[in-house]
Every structure is written in structure tokens, then in C-alpha cells.
Amino acid sequence: MNKPAYSPDIYLSFFMFTTDLKPDNLEYRKTVVGHIKELKKFGYTGFEFPIGTSNPENYAQDVENYRNLRQYLDSEGLADIKISTNVGATQTFDPSSSSAKQREAALEYLKSRVDVTAALGGEIMMGPIVIPYGVFPTTDCNDGIWSDQLQDHLAIRYQNAQPILNELGKYAERKNVKLAIEPITHWETPGPNKLSQLIDFLKGVESKQVGVVIDSAHEILDGDGPEKFAEQVNYLAQQKRLHYIQVSPPDRGALHTCWLPWQTFLKPVLPVYTGPIAVEVFNAIPAFASSLRLSRRKFWIPGEDQPNCYPSAYDIADKAIQVTKKEIQKALK
């Protein structure tokens, strides 16, 4: 008897719609449910929720709000929907800071995001949780720090962050949440930009609960090439640190028309990975339009935008899951 083909869960990042789920907003909960019900028809079995920052005094309320959101999803017939979360370190909550007080505050903040993930029923919290996203270091004269000087600077900050991420990993293990650190292209953040840099970082983090998310967009832009990529994927799998995979176009737009070397990316991954694969599209919503310099048109959002002759967010999501499933099956042959 032939073994049934591997069919991973396909998630969609809510970056298609928002960076803020507004879990305490009853009206927006209805919007979230509406989107999920429509996207579920295309075959999505899970969603990646962006989790924002909050006041340190309100962590418990934050967790309760997201727990209520999960209960609302369940009450609307979506108990089978799986959730992962997207979380980032910030300038305020920076585990790589030279200040011990700030590192401890970052640890408490990131623990609260683990709690949020668990409250949503999620088992994966991913994102740039080592160095604050998009915050490039400068000298005292406000000049940029680059190249060798930047790598020397980051080496110290990685050392600062390693014990914090190890403690976070031990905490996350008790909550049954895996932590998947994202290496992000040098256009967007100072580091880590490459899988090789993240692999070196993880050698100083004992907890295997702390691992990696591999995003095709970042790997295409900053990776070390297909042969090295295959070696890195195998190494991470052997280390039990390959926690999450994202397929995303280099321009962060339509997946079905982008230049993504699907088979080169998927063939090393699928034999050693059985988790979800998330489609990540950064729609031209206000939070991204200027920060990512998005010159393309917005994929209009049904129920929120006036329809027009251009593709909608649902159109792009539908085509994205179609091409993803097709390429997965091709890679498994």
C-alpha cells in the first residue's frame, strides 16, 4: 500500500489585513471571523496572528483578551482553526540590550507573548525576537554602524540575548509553545540576517524550544545559496530546531506570480519537517506602505474597502494556497 502524501497545514498571515487583531474590540472580532470563514473555504487550516506590544501593567488583561478572542472563534464554529503568532522585540523590550534591567523587562514582555500564544491555542510563536526589528544602531554622532563594525556590535548584543532567550525557551516549554526566531533580510533589520548567523547564535542557547523559522523571501535575499541551504536545513532538523516555515515572495506581494525557486526551497525542507507552512503577504495597509516602501497597489479587503477592478486580498490568498499546494506536491514526487 502506498504511503499517503504528506499534506501540511497551510496557514495565512493576517498581515494581509492588519497588524493589530484588536482582541478587545467586539466589532473587529466579527471582522476577523468573517475573514477566517471565507479563507477556510480556500483550504487554509490555520492563521498567523500578529501580536502587538502593550502596557507592561496590562499583560494579564492582554492574555485574557486573546483568550476571549479564541473562545469567540470557537463559538463561531472555528474550533478546528489553528493559530501561530508573530511577535517582535522592540526598542523598549530588547533582550540584547546592554542594560540588565531592560533585558529583564524584555524577558517578562516576551513571556507575556508566550502566554498570549497559549491562550490562542497556539504552539508556535515566531518572529524577530533577538534584535528589535528595523532598529539600526548608530554611533553617538548618529552615524550608521555598518559592515565589520556592525557585526562586532551585534556579537556583543547576541551574547546579551542568549541567556534571556534560553530562559524564555524554558518558560515556553512549560506552555507547550515553540519559539521560532526569524532571520530577516538586511534591508529590513540589522541582524540576524542569515541562517548561518542564527545557527551560531543558537549554539549559545541550550533550550531546544528555541529554534528557527525559515522565510523564503529572506532566504532568497540573504541566504548562502541552495547547497548551503540544504545543509543548514538538515542541521537544524537534526538539532530539533526547525520550528516553522513561511513561503513569501521577495517583494512580499502576490505569491503566485513571484520569482520564488519553489523546488530549491521546498525539497530540502519537506523530508525533515512536518509542521505548518505559512503564506506571508504584506498587503499595502497603512502599517506597511511606507515602512516597506510598497509601490504596488493594495489588495483591497472585502468588507472593509470599496471593491475595484484590481485583485482583492481574497483573490491573492486563494491563488497563493493553490500554488503552494501544487509546488508541495511537485516537491514530494
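Residues numbered from 1 in each chain as written. Predicted model: local features only at pLDDT ≥ 70, side-chain atom pairs only at ≥ 80, totals over all residues. Heavy atoms only, no water.

1. Quick word on the overall build of the protein chain
Link 1 in the chain: For the protein chain, the helix and strand inventory stands at 10 helices and 8 strands.
Link 2 in the chain: Evaluated residue by residue, the protein chain yields a buried proportion of 54% over its 333 residues.
Link 3 in the chain: The contacts in the protein chain between residues at least 6 apart in sequence include a share of 78% that link residues at least 24 apart.
Link 4 in the chain: With an accessible surface of roughly 15,300 Å², the protein chain has 49% of that area assigned to carbon and sulfur atoms.
Link 5 in the chain: Seen as two clouds, the 36 positive and the 40 negative side-chain charges of the protein chain have centres 5 Å apart. (Helix = DSSP H or I, 4+ residues; strand = E, 2+ residues; numbered from the N terminus. Buried < 20%, exposed > 50% of the residue type's maximum accessible area, 1.4 Å probe, protein only. Contact = heavy atoms within 4.5 Å. Areas by Shrake-Rupley, 256 points an atom, 1.4 Å probe, with all protein chains shown as cover. Lys, Arg positive; Asp, Glu negative; His and termini not counted. Charge placed at Lys NZ, Arg CZ, Asp CG, Glu CD.)

2. A look at the packing of helix α2 (residues 59-78) against helix α3 (residues 100-119)
Link 1 in the chain: Contact geometry of α2 with α3 gives a least axis separation of 8 Å together with a crossing angle of 20°. Here α3 runs roughly parallel to α2, going by the angle between their axes. The crossing of α2 and α3 is right-handed. Every residue of α3 that contacts α2 at Tyr-59, Asp-62, Val-63, Tyr-66, Arg-67 and Arg-70 is listed here: Glu-108, Tyr-109, Ser-112, Arg-113, Asp-115, Val-116 and Ala-119.
Link 2 in the chain: Its residues assigned to classes, the contact of α2 with α3 comprises 6 nonpolar, 1 polar and 6 charged. (Axes fitted to C-alpha atoms, helices over the stretch in contact; angles between N-to-C directions. Parallel < 35°, antiparallel > 145°, perpendicular 65-115°, else oblique. Left-handed = near helix turned anticlockwise from the far one by under 90°. Nonpolar A, V, L, I, M, F, W, Y, C, P; charged D, E, K, R; others polar.)

3. Some details on the sheet that holds strand β4 (residues 124-127)
Link 1 in the chain: On the basis of which strands lie adjacent, the closed barrel formed by 8 strands has the order β1-β2-β3-β4-β5-β6-β7-β8 and parallel pairing. For this sheet, the mean angle separating the axes of adjacent strands, direction not counted, is 30°.
Link 2 in the chain: In terms of strand pairing, β4 meets strand β5 (residues 178-181) through 4 bridges, oriented parallel. Counterpart to Ile-124 in the pairing with β5 is Lys-178. (Pairing = 2+ DSSP bridges.)

4. Examining the environment of Leu-236
Link 1 in the chain: Its place among the elements puts Leu-236 in helix α7 (residues 226-238).
Link 2 in the chain: Among the residues examined, Leu-236 registers a relative accessible area of 1% and is labelled buried.
Link 3 in the chain: Sequence separation of Leu-236 and Leu-195 is 41 residues, and the distance between their C-alpha atoms is 9.7 Å.
Link 4 in the chain: Leaving out residues up to four positions away in the same chain, Leu-236 has contacts with Leu-195, Ile-199, Val-212, Ile-214, Arg-241 and Leu-242.

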